[in-house]
Number of protein chains: 2
Amino acid sequence: MERSPSQLALTSARRPTIIDVARRAEVSKSVVSRVFSERGKVSAQTRQRVLDAAAELGYVVNAMARAMVAHRTYTLGVFVRDVATPFYGHLLSAMQERADTLGYRVVTATGSGRFAVEDELRALETLVMMRVEGLVIGSGLLPAAQILPFAERVPTVVAGRPETEENFTSVYCDEREGGAALADHLADLGHRYVAVITLRKSESLTLAPRTAAMVQELRRRGVEAVRVIGRGVDAADRWVDQILERPEVTAVMAPSDRYAVRLLEELQRRGVDVPARLSVTGYDGIGELATPLIGLTHWRQPIDAIGRSAVDALVALLDSGPPGRPKRHVLSGTLVLGRSTAPPCR
Amino acid sequence: MERSPSQLALTSARRPTIIDVARRAEVSKSVVSRVFSERGKVSAQTRQRVLDAAAELGYVVNAMARAMVAHRTYTLGVFVRDVATPFYGHLLSAMQERADTLGYRVVTATGSGRFAVEDELRALETLVMMRVEGLVIGSGLLPAAQILPFAERVPTVVAGRPETEENFTSVYCDEREGGAALADHLADLGHRYVAVITLRKSESLTLAPRTAAMVQELRRRGVEAVRVIGRGVDAADRWVDQILERPEVTAVMAPSDRYAVRLLEELQRRGVDVPARLSVTGYDGIGELATPLIGLTHWRQPIDAIGRSAVDALVALLDSGPPGRPKRHVLSGTLVLGRSTAPPCR
DNA sequence: TTGTAGGCGTTATCAG
DNA sequence: CTGATAACGCCTACAA
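A quick note: this is a predicted structure, and the numbers were derived from the prediction, not measured.

(A) Spotlight on the pairing of strand E7 (residues 224-229) of chain B. Residues and elements named next belong to chain B. Pairing of strand E6 (residues 193-198) with E7 involves six bridges; the strand directions are parallel. Residue pairing in the sheet places Val194 in a bridge with Ala225 of E7. With respect to chirality, the unit in which E6 leads through helix H10 (residues 207-220) into the neighbouring parallel E7 is right-handed.

(B) Molecular detail of the relation of the copies chain B and chain A. Rotating chain B by 180° and translating it 0.0 Å along the rotation axis places it on chain A, where the RMSD comes to 0.1 Å. The transformation just described matches what one would write down for a two-fold rotation axis. Looking at chain B, 100% of its interface residues are interface residues in chain A too, so the copies touch through the same face.

(C) Structural context of the environment of Ala290 of chain B. All names here are of chain B. As for its placement among the helices and strands, Ala290 is situated in the loop between strand E9 (279-281) and strand E10 (298-300). Among the residues examined, Ala290 registers a relative accessible area of 32% and is labelled partly exposed. Spatially, the C-alpha atoms of Ala290 and Val336 are 9.3 Å apart, while their sequence positions differ by 46 residues. When residues no more than four places from it in sequence are discounted, the contact partners of Ala290 are Gly285 and His298.

(D) Up close: the packing of aromatic side chains. According to the stated counting rule, one finds eight aromatic pairs over all chains in the structure shown. With 5.2 Å between their ring centres and 85° between their planes, Phe87 of chain A and Tyr88 of chain A make a pair best called edge-to-face. Note on Tyr88 of chain A: relative accessible area 11%, which makes it buried. Between Tyr74 of chain B and Tyr104 of chain B, the aromatic rings sit 6.0 Å apart at their centres with planes inclined by 45°, giving tilted as the arrangement. With Tyr74 of chain B in the loop between helix H5 (63-70) and strand E1 (75-80) and Tyr104 of chain B in the loop between helix H6 (86-101) and strand E2 (105-110), this residue pair connects regions lying 30 residues apart in the sequence. Tyr74 of chain B sits in the partly exposed class, given a relative accessible area of 40%. Assessed through its relative accessible area of 8%, Tyr104 of chain B is described here as buried. The side chain of Arg72 of chain A reaches across the aromatic face of Tyr74 of chain A, ending 4.3 Å from its centre.

(E) Quick peek at the side chain of Glu217 of chain A. Within the fold, Glu217 of chain A resides in helix H10 (residues 207-220). In this structure, Glu217 of chain A is in contact with Ala180, Ala183 and Asp184 of chain A, ignoring residues within four places of it in sequence.

(F) Layout of the protein's contact with DNA strand D. Of all residues adjacent to DNA strand D, which total 27 residues, the nearest are Ile18, Tyr59 and Arg66 of chain A together with Arg34 and Thr46 of chain B. Expressed as a percentage, the sugar and phosphate content of the atoms of DNA strand D within 4 Å of the protein is 58%. Taking Ile18 of chain A, its main chain carries an N or O atom lying 2.4 Å from a phosphate oxygen of DNA strand D. One nitrogen or oxygen atom from the side chain of Arg66 of chain A is found 2.6 Å from a phosphate oxygen belonging to DNA strand D. For the surface near DNA strand D, the secondary-structure elements that each account for two or more residues are helix H3 (29-37) and helix H5 (63-70) of chain A together with helix H3 (29-37) and H5 of chain B. In terms of residue count, the dominant contributor to the surface near DNA strand D is H3 of chain A (five residues). In the surface near DNA strand D, the residues fall into nine nonpolar, 10 polar and eight charged.

(G) Local environment of the UniProt feature "domain: HTH lacI-type" (unreviewed entry) in chain A. Per the UniProt record, "domain: HTH lacI-type" (unreviewed entry) is annotated on residues 16-70 of chain A. Here residues 16-70 of chain A runs as 71% helix and 0% strand, with 21 Å between its end C-alpha atoms.

(H) Quick look at the domain arrangement of chain A. Domain parsing of chain A yields domain 1 (5-70), domain 2 (75-174 + 303-333) and domain 3 (175-301). Domain 1 of chain A and domain 2 of chain A are separated by 34 Å when their C-alpha centres are compared.

(I) View of the pattern of salt bridges. In the structure shown here, the tally under the stated rule is 36 salt bridges over all chains. Put simply, Arg258 of chain A and Glu288 of chain B hold a salt bridge, and the shortest N to O gap is 3.6 Å. Taken as a pair, Arg258 of chain A in helix H12 (residues 257-269) and Glu288 of chain B in the loop between E9 and E10 lie in two separate chains rather than in one. Owing to a relative accessible area of 35%, Arg258 of chain A belongs among the partly exposed residues under this scheme. For Glu288 of chain B, a relative accessible area of 14% gives the class buried. Bridged by salt links that share partners, the residues Asp241, Glu266, Arg269 and Arg270 of chain A form one connected network.

(J) Inspection of the protein's contact with DNA strand C at higher detail. For DNA strand C, the set of nearby residues contains 28 residues, the closest of which are Ser30, Arg34 and Thr46 of chain A together with Ile18 and Tyr59 of chain B. A share of 59% of the atoms of DNA strand C within 4 Å of the protein falls on sugar and phosphate groups. In the environment of DNA strand C, a base oxygen lies 2.5 Å from a nitrogen or oxygen atom belonging to the side chain of Arg34 of chain A. A distance of 2.6 Å is found between a phosphate oxygen of DNA strand C and a side-chain nitrogen or oxygen belonging to Thr46 of chain A. Those elements that provide at least two residues to the surface near DNA strand C are H3 and H5 of chain A together with H3 and H5 of chain B. Here the element with the most residues in the surface near DNA strand C is H3 of chain B; it accounts for five residues. Across the surface near DNA strand C, the residue classes tally to 10 nonpolar, 10 polar and eight charged.

(K) Structural view of the nonpolar core. Core analysis: the biggest nonpolar cluster contains 88 residues, and Met253 of chain A together with Met253 of chain B have the highest contact counts within it. Apart from the residues within four sequence positions on either side, Met253 of chain B is in contact with Gly179, Leu182, Ala183, Leu186, Val194, Ala195, Val196, Ile197, Met214, Leu218 and Thr281 of chain B.

(L) Structural view of unusual backbone geometry. Residue Pro275 of chain A follows Val274 of chain A across a cis peptide bond; omega there is 5°. Here His71 of chain A, not a glycine, exhibits a phi torsion of approximately 60°, which is positive. Tracing the chain through its elements places His71 of chain A in the loop between H5 and strand E1 (75-80). Judged by its relative accessible area of 33%, His71 of chain A is partly exposed. Although it is not a glycine, Arg131 of chain B adopts a positive phi angle of roughly 60°. With respect to the element layout, Arg131 of chain B can be found in the loop between helix H7 (117-129) and strand E3 (134-138).

The rules we used
- For every chain, the first residue of its written sequence is number 1, and the numbers climb from 1 along that sequence.
- Just so you know, chain letters begin at A and ligand numbers begin at 1, following the order they were written in.
- Where totals are concerned, whole chains, interfaces and linings use all residues; where local detail is concerned, this predicted model gives features only for residues with pLDDT of at least 70, and gives and counts side-chain atom pairs only at 80 or more.
- Hydrogens and waters are ignored; side-chain quantities use all the structure's heavy atoms.
- Should DSSP find at least two bridges between two strands, the strands are taken to pair.
- Under the scheme used here, helices are H or I runs from DSSP no shorter than 4 residues and strands are E runs no shorter than 2 residues, and both carry numbers assigned from the N terminus.
- With strands facing away from the observer, any crossover in which the path from the first strand over the helix to the second runs clockwise is taken as right-handed.
- Least squares is the method for superposing the copies, and the C-alpha atoms it fits come from residues with pLDDT of at least 70 in both.
- Whether two residues are in contact is decided by their heavy atoms: any pair within 4.5 Å suffices.
- Per-residue accessibility, obtained with a 1.4 Å probe over protein chains only, is compared with the maximum for each type, and a residue is labelled buried under 20%, exposed over 50%, and partly exposed between these values.
- Only Phe, Tyr and Trp rings are paired, with Trp represented by its six-membered ring, and only when their centres lie within 6.5 Å; those with planes under 30 degrees apart are stacked, over 60 edge-to-face, the remainder tilted.
- Our definition puts a charge over a ring when NZ of Lys or CZ of Arg is within 6 Å of the ring centre and also within 35 degrees of the ring normal.
- It suffices for a single heavy atom of a residue to lie within 4 Å of a molecule or strand for the residue to be listed as near it.
- Polar contacts here mean pairs of N or O atoms no more than 3.5 Å apart (in protein, one a potential hydrogen donor and the other a potential acceptor; neighbouring residues in sequence count only if both atoms are side-chain atoms).
- Here the term charged refers only to Asp, Glu, Lys and Arg, the term nonpolar to Ala, Val, Leu, Ile, Met, Phe, Trp, Tyr, Cys and Pro, and the term polar to all other amino acids, Gly among them.
- UniProt positions are given in the numbering used here, feature names are shortened, and annotations may be inferred rather than shown by experiment.
- Throughout, the edges of the domains are those of an automatic or database domain assignment.
- Should a side-chain nitrogen of Lys or Arg be within 4 Å of a carboxyl oxygen of Asp or Glu, the pair is scored as a salt bridge.
- In this text, buried Ala, Val, Leu, Ile, Met, Phe, Trp, Tyr and Cys residues form a nonpolar core when linked through side-chain atoms within 4.5 Å.

Right, here's the structure in full:
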């Protein structure tokens, strides 16, 4: 059959197969297979002939064909909400590295930018189509109910968010510990009125419980917690409006470093002195925002450990088989003190 | 043949195939194939029966098997040096999105953390094994000579670095334009002695020409350029030592925002006032460091455009076939003025 | 040690 | 519109 030029292009002028190599090395295709899959015995001589022939032809094993018969892909599927976010970027990086040392490949899928659960589901579907052996889900958006159908089919680990659902394995940093630690820090400094930028659970499955923990601990310490509605990271001016309405407030807790920095920008713009007039806390401690240049007091999540543990947990799941019951791996973070918090002025 | 329990686990209790669905829907496997590949005609009735059967079984198309016969994977391979870096994170994000709208999947590979060309090559090899249809290479480390063998086999685009090699298609932001713009800015402000934190080409294929351009433009403008050896992003104290040795220096140009921020940290630590005593410029404008909170004067790279164009160029290459000759797509950036630069004090 | 044959899950081709 | 059947590239008994 004649191929159209475009088809030719697509297949890169017919990539050489095991058979081409076999012909050139004057052996059977089994021998070539044995050489590249590194099992079975092959004499050093033949082996070299095969290797030479393969090199001349530019032969590269076809992972797809191999996977088909081996019933294994040695591939882990990682879904993250947004690679450009430092949190997910680092998470992915840590997983890549860990998977690599365990002999697994990682393929990534993301939810195509827009804020749509539907897109995220399609991305997961793609991962399953590619026959990844396991799934790591890192998304503060996807509800547990949506994840369940996938978890039933392929071993799944949820990473980086406080998973309340008992049905799947998860790895995350305790949000209450972090929220409470920061709240305690402010209480210890003597703040009595603290604003907390709050998010709804529908907006973020990580940020909501985190801020809830802050509020709870503040109240436990007898500090008045003033809720400020978050509504996305770009509404800083509205937060500040609300905060400045209550002059008794001497500190603000942001749900993440990103939020905190937006807040700091706006406060700077309006000439509000930090920390003299207002103390500010962040959360995450990942990536460039953790620079001492900004000096933000925050809770640092052990992102590398989360990534590593997630992969380890997934591989354990793979090895243990279906019955391996869901387990929650809860990691600890660290309080990092910066220059953005101080005792209240008055 | 009996399967061992562990094998069973790995294959998730035998994922259903097209044949299982066919049996359940009481049709031939061809019909099922037609339904899921959406080609050929199938009566609405049968179609529904197939869909139902598939849903009950939890059937998902096997992309591998499909790719084998179709000779297409609709998959683009993207190699980035480090996903955790904002530059590459955003680049990847932009590519993912663009590829998605063009109907391509993206699989990512990275160089496993360590500083080793060998690792990067292995990652590229993996991509080829997976039969990606095209390659995008984003790495300031991998020399052109190493890339060539891959580019000969599969359509390749080099993204995000100034490619001097004529042999492959590339997309990048003109480093000379940016370096010159920043140098001009300082010259215009009246600086006569400017330190430039310089890197070797072996350290980074992007940063080296960038700093070279800065030096060149400074000299063209009659400004004395004082070279400071970079040696990695963590040697800030040594840069500052060198800079302060020359009190006539009133401005410092860093090869990237990251370097600039490290520099600012160290200057802050030593109590050197910016910009009163020393002006500082960065480069990139990507991610969180671009915050007005820091207010760094820098050159902003159009990272989204780079990602988008890289994918577009690659897909064009795919469609045009082998003869499509290498083309260089050079994009423009923007000068962003911050508070880190000012006229020299004296 | 090497070769032969069959099958993995899907699509494409060609009859019915 | 539907059903056989032959690939696709590789691995794996089994036979030589």
